[in-house]
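Chain and residue survey
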Amino acid sequence: MRSRRGRAKEGPSRREILTGGLLLASTLGCKQLDEALLAPLRMPEPATGPFAAPEGAAIDPVRHVLNRLTFGPRPEDYARVRALGHESATAVRAFVDEQLHPERIDDTPGERAVRRLETLRQPAGELFEYQPRLLLDELTRGTLLRAVYSRRQLYEVMVGFWSDHFNVDSSKGDCKWLKAAEDRDVIRRHAMGRFPDLLRASALSPAMLWYLDGRRNRKRAADEVPNENYARELLELHTLGVHGGYTQRDVMEVARCLTGWTVRSEERFGKGRVEFRRHWHDDGPKVVLGRRIPAGGGEQDLDRVLDIVALHPSTASHLATKLCRRFISDEPATATVAEVAETFSGSRGDVRATLRAVFESEAFAASAGSRFKRPFRFLVSALRATGARTDGGRKLRDYLLGMGHAPFQYPTPDGYPDEPSPWHGTLLWRWSLASALAGGRIAGTRIDLDRLRRDLGGGHGFRSHLLGRQPAPEEDAADGTPEVELALLLASPAFQRF
Amino acid sequence: MTTLRGSFDGNGDRRRCLVVVFLRGAADGLELVPPTGEDGYYRARPLLGVRPEDALALDQRFGLNPGLGALHPFYLDGDLAVVHAAGSEDSSRSHFEAQDLMEHGGLAAGGWLGRFLRYRQDPAPGALSAVALGKTLPECLRGAPAAAVMQSLDDFTLGPESDTLLPRLARLYAREEGELGRSAHDTLEALQRIEALRAEPYRPTGGAEYPQDELGRSLRELARLIKARVGLEAATLDLGGWDSHLAQEALLEPLMTRLARGLAAFYQDLGSDMEATSVVVMTEFGRRVRENASLGTDHGRGSVMFVLGGGTRGGRVTGAWPGLDESVLEGPGDLPVLNNYRDVLAPVLRRHGAGDDLSRIFPDFEIDPLEV
């Protein structure tokens, strides 16, 4: 266990920085005080360019791939990605390659942005020493700051995808403490890896054992009935899909296989640790999806079940459908889904290979600008598009709550919906955010509008950058203040789509 | 005035608003609603007991603390129900644990009010369907389809440029069809209503005078929002400071006055809108029956709940009452919980459109609704 004192030595203490900031502020005057106080988060400096805005009448392939693989382009992104290849098509391929290998991307900005959020690095056992509200605050901030600043954008997008797929509401029981560890040790660790590894990590995650009652799934006596909650969601949501060909009998058999796995919750020592209690396990023979699991398997039953479902053809098709929905369109063509599912199966559940199949499909190329941004993406894309410097703090989280899309707060296991209709009622908050961001009225978040316009070569380039294409006549009104213009662009129908 | 549609639909005369006031810190039910008919009460509280002649009579058994006197007329009119020996099954006597469990409605994901908004019949979530008056979202609203933390109506505007932005937004969205276009239309109308309300100073009606404290100001903003008819269905407010381990009377008297005067002003201000507005007042647990040596009381079990307006079957103290005989007290000498808070909330939620089946709102609990 690392000592707290040891960690504090990594950099100047908050107190030192605050004091320094105040001294600095006394010589700089009031306006800089905020900036000085925000400095501890080490927000990245604005990019130096070169800059360019798209010039097509419609969204071009470079902008499209930026829209979909990231949380929205930053001012410098279009020029950078376009320069990755001689032809636009080679540039797109190079960008997909880059983003499929996050481990090769230097991510100083993303790492710096969350460096001060110490709970993100705490081992699971130590999380119980913190207030749940602080844990949720830091986890939410970390998620937001990484989405805004990380250069491993596709990775962050996939972290969001899996957080929905393996949804755990941080408000239930000990998930208040355990979700923070799960985000790191399950979702982030395997987000670009192999699906079977991710699935196993999730099945044995203390937060999941709490959230879907796996911890209470036990058979200590002949008349004790296993808790089916996790078994059902494992089949319905995490793997095969609701029409994936399993029966109620299969749910019950899977539940039997998983009896005995639990998480310590009362003990003073080892609280939050996952363990297998043999005397809680139903050790009789089982049949899952027609496959026999012999008696006496004990804790091995879990791996047998996961082996049966992780790469099942229904799982391939279920995941392919969800990925195509997330990255292509709300109603992806059957043929596209089938191609992606085939790659998933052929690669034995390799997430990168599967994603590559999505991005190389014809349907992907043809889908530019057709998806409706969910609130989290709307908010992050606005911050990225404006090159905002933000501490990811309370005000932004309040906007997400207002729009019903705060991370880790969705109660049911199906995760925040992907389809647009539940999100259409959030315009009030989107417009309010657009206006507040443009007017500099969000505490802890700043934009430099003059610089942004200058970098993009003036009003026209600025508008094209925000819209991803040449503005239409009604979007090209240059008769307001720059703040009004920015508010309208961020609030416009075009900015709600990607 | 034009009728609002879509996401702000039907607030008008149909939509109902549920207001939850949480008394944080474990309010002493025996001080708020003293059992003036119980000898045991005066034996256990020789110094703190509220004397019968000081209390405002509710029935043969109970009186209302004079500090809550502003609520007494509503009780007499039959619009205020009181439930004694109310609380949750949590016996930890820990503020954090008990509030947490009560607000989540058991060991479940999300809060009970959030689940109500998500699962009620005919849900049409609008951007302003739920607000928390204050600085943070309470746990009971977790998982709501949308929940806004607000301190005043000013939080719902497009800022100083609003007049410039609104017509241009209307133009930008004019060609949008389908749901997004309808939502834009509704949002524009709602914003115009809010702007109109903000443009003139708010004048409460019915002779209401809100106290100049945080709860009073919050209730005033809430009344304004309900009258704006923007689709509000649930609101939460907190009043903290009830943890009266010492000098209880001095601590509770001003809190009770704030609570009662605030709610009375809200009630008068809303007038006939009160028929569609319910107010529930609750707390995490009550306090030890016997007073301690510091003229205070320690953590206990059962407390009181109040239900006001919205068709409440009031004018009486409802639910089982065990008396204060030593033999019925629980643990270290606490009023047992005979009336689970869910059984008090159940009929209120049904009046607000929750439907008959409340199992998704209160999982793992068999509802036995009280008559409130």
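Quantities reported herein were computed from a predicted structural model and do not represent experimental measurements.

It is worth spelling out the overall build of chain A at this point. Looking only at helices and strands, chain A has 25 helices and six strands in total. Taking 498 residues into account, the globule formula puts the C-alpha radius of gyration at 23 Å, and chain A, at 24 Å, falls close to it. Dimensions along the principal axes, computed over C-alpha positions, put chain A at roughly 75 × 55 × 40 Å. A buried classification covers 60% of the 498 residues belonging to chain A.

What follows deals with the packing of aromatic side chains. Per the stated rule, a full pass over the model turns up 19 aromatic pairs over all chains. Residues Phe327 of chain A and Phe359 of chain A carry aromatic rings whose centres are separated by 5.3 Å and whose planes lie at 85° to one another, so their mutual orientation is edge-to-face. Within this pair, whereas Phe327 of chain A is found in helix H16 (residues 313-327), its partner Phe359 of chain A is found in helix H18 (residues 351-360), the two being separated by 32 residues in sequence. For the pair formed by Phe327 of chain A and Phe359 of chain A, the shared burial category is buried. Both rings, one in Trp429 of chain A and one in Phe156 of chain B, keep their centres 5.4 Å apart while their planes meet at 70°; by these two values the pair is edge-to-face. Residue Trp429 of chain A is found in helix H22 (residues 427-438), and its partner Phe156 of chain B is found in the loop between strand E6 (148-150) and helix H7 (162-172); the two belong to separate chains. Site record: aromatic cluster; members linked through ring pairs are Phe161, Trp162, Phe166, Phe195 and Phe344 of chain A.

Moving on: the packing of helix H9 (residues 153-165) of chain A against H18 of chain A. All names here are of chain A. The interhelical angle for the contact between H9 and H18, taken along N-to-C directions, is 105°, at an axis separation of 13 Å. By the angle between their directions, the pair H9 and H18 is classed as roughly perpendicular. Contacts from Leu154, Met158 and Trp162 of H9 reach H18 at Val351, Leu355 and Phe359. Its residues assigned to classes, the contact of H9 with H18 comprises six nonpolar, no polar and no charged.

One finds Trp162 of chain A together with Trp112, Val131 and Phe266 of chain B to be the most contacted residues of the largest nonpolar core, which totals 257 residues. Every residue in contact with Trp112 of chain B, bar those within four places of it in the chain, is listed here: Leu18, Val20, Met102, Glu103, His104, Gly105, Cys140, Met282, Leu345, Leu349, Ile361 and Phe362 of chain B.

The subject of this paragraph is empty space enclosed by the protein. Residue and element names in this part refer to chain A. Applying the stated rule across the entire model yields six cavities of 30 Å³ or more. Space inside the largest cavity adds up to approximately 440 Å³. In terms of lining residues, the largest cavity is bounded by 30 residues, among which Gly160, Asp164, Arg326, Arg374 and Phe376 are the most central. At the level of secondary structure, the elements contributing two or more residues to the lining of the largest cavity comprise helix H8 (132-149), H9, helix H10 (175-190), H16 and helix H20 (375-385). Sort the elements by how many residues they give to the lining of the largest cavity and H9 lands first, with seven residues. When the residues that make up the lining of the largest cavity are grouped by side-chain class, the tally is 13 nonpolar, six polar and 11 charged.

Within the element layout of this structure, Arg287 of chain B appears in the loop between strand E8 (277-283) and strand E9 (303-308). Of note is the side chain of Arg287 of chain B, whose polar atom sits 2.9 Å from the backbone oxygen of Ala26 of chain B.

All names here are of chain B. Judged by which residues are buried, strand E5 (residues 130-133) turns out to be covered on both faces: Ala130 and Ala132 on one side and Val131 and Leu133 on the other are all buried. Relative to E6, E5 is paired through three bridges, and the arrangement is parallel. Bridged to Leu133 within E6 is Met150.

In this section: the interface of chain B and chain A. In this assembly, 43 residues from chain B lie in contact with 45 residues from chain A. Taken together, both faces of the contact between chain B and chain A bury some 3900 Å²; the carbon and sulfur share is 64%. Its largest share of buried area at the contact with chain A, chain B owes to Arg168, Leu172 and Leu180 of chain B, together 16% of the area lost on that side. Between chain B and chain A we count three salt bridges in total. The partner of Glu474 of chain A in a salt bridge is Arg175 of chain B, with the nearest N and O atoms 2.6 Å apart.

A cis amide bond links Gly49 of chain A to the next residue, Pro50 of chain A, at an omega of 5°. Along the chain, Pro50 of chain A turns up in the loop between helix H3 (31-38) and helix H4 (61-69). Within the chain, Asp213 of chain A stands out as a residue other than glycine whose phi angle is a positive 65°. Inspection of the secondary structure puts Asp213 of chain A in the loop between helix H12 (206-211) and helix H13 (229-238). Positive phi outside glycine occurs at Leu295 of chain B, with the angle close to 55°. Position of Leu295 of chain B relative to the elements: it lies in the loop between E8 and E9.

Residue and element names in this part refer to chain A. Along the chain, the position of Phe166 falls in the loop between H9 and H10. Judged by its relative accessible area of 0%, Phe166 falls in the buried class. For the pair Phe166 and Leu198, spaced 32 residues apart in the sequence, the C-alpha separation amounts to 9.7 Å. When neighbours within four sequence positions are excluded, Phe166 is seen to be in contact with Ile187, Phe195, Leu198, Leu199, Ser202, Met208 and His238.

Once that is clear, we can look at H10 of chain A. In this model H10 of chain A runs just 20 Å from its N-terminal to its C-terminal C-alpha over 16 residues, more than 12% under the 22 Å that 1.5 Å per residue would give. The sharpest bend along H10 of chain A reaches about 40° and sits at Glu182 of chain A.

Let's shift gears to helix H17 (residues 334-346) of chain A. Residues and elements named next belong to chain A. Taking 1.5 Å as the rise per residue, H17 with 13 residues should run 18 Å; its terminal C-alpha atoms sit 18 Å apart, in good agreement. Of the residues making up H17, those classed as buried are Thr336, Val337, Val340, Ala341 and Phe344. Buried residues of H17, seen end-on, are gathered within an arc of 130° and therefore sit on one face of the element. Along H17, the residues that are exposed and aim more than 90 degrees away from the buried face are Thr334, Ala335, Glu342 and Gly346. Looking at the buried residues of H17, the elements they touch are helix H11 (195-203), helix H15 (300-310), H16, H18 and helix H19 (362-365). Arg348 sits one or two positions beyond H17 and adopts a positive phi of about 55°.

This brings us to the pairing of E8 of chain B. All names here are of chain B. Counted residue by residue, E8 has seven buried out of seven residues, so it is predominantly covered. As paired elements, strand E1 (residues 17-24) and E8 share seven bridges and run parallel to each other. Bridge pairing in E8 places Cys17 opposite Thr277. As defined by bridge partners, E8 adjoins E9 across three bridges and the pair is classed as antiparallel. Residue Val279 lies in a different strand from E9, and its bridge partner there is Leu308.

For the rest of this paragraph, the subject is the confidence of the model for chain B. The predicted model of chain B averages 91 in pLDDT, with 95% of residues at 70 or higher. Counting contacts from residues 1-13 of chain B, a segment whose pLDDT is below 50, to residues more than four positions away or on other chains yields 33 contacts.

Let us look at the pattern of salt bridges. Residue and element names in this part refer to chain A. All chains considered together, the criterion is met by 62 salt bridges over all chains. Between Glu98 and Arg80 there is a salt bridge, and its shortest N-O distance comes to 3.0 Å. One end of the pair, Glu98, is in helix H6 (residues 88-100); the other, Arg80, is in helix H5 (residues 77-82), and 18 residues separate them in sequence. Overall, Arg80 belongs to the partly exposed group, its relative accessible area being 37%. Arg249 serves as the salt-bridge partner of Glu253, at 3.4 Å between the closest nitrogen and oxygen. Taken as a pair, Glu253 and Arg249 lie in helix H14 (residues 248-257) at a separation of four residues, close to a single helical turn.

Rules used throughout
Residues numbered from 1 in each chain as written. Chains lettered and ligands numbered in written order. Predicted model: local features only at pLDDT ≥ 70, side-chain atom pairs only at ≥ 80, totals over all residues. Heavy atoms only, no water. Helix = DSSP H or I, 4+ residues; strand = E, 2+ residues; numbered from the N terminus. Rg over C-alpha atoms; globule rule 2.2 N^0.38 Å. Buried < 20%, exposed > 50% of the residue type's maximum accessible area, 1.4 Å probe, protein only. Phe/Tyr/Trp six-rings, centres within 6.5 Å; stacked < 30°, edge-to-face > 60°. Axes fitted to C-alpha atoms, helices over the stretch in contact; angles between N-to-C directions. Parallel < 35°, antiparallel > 145°, perpendicular 65-115°, else oblique. Contact = heavy atoms within 4.5 Å. Nonpolar A, V, L, I, M, F, W, Y, C, P; charged D, E, K, R; others polar. Core = buried A, V, L, I, M, F, W, Y, C linked by side-chain atoms within 4.5 Å. 1 Å grid on protein atoms, 1.4 Å probe; cavity = no way out; pocket = protein on both sides within 12 Å on 5 of 7 lines; lining within 4 Å. Points joined across faces, edges and corners; volume = space filled by probe spheres on them. Polar contact = N/O pair within 3.5 Å; in protein donor to acceptor, adjacent residues only side chain to side chain. Pairing = 2+ DSSP bridges. Buried area = accessible area lost by both parts, 1.4 Å probe. Salt bridge = Lys/Arg side-chain N within 4 Å of Asp/Glu carboxyl O. Expected span 1.5 Å × (residues − 1). Bend = angle between axes of the 7 residues up to and from the residue. Arc of directions from axis to C-beta. pLDDT = per-residue confidence, 0-100.

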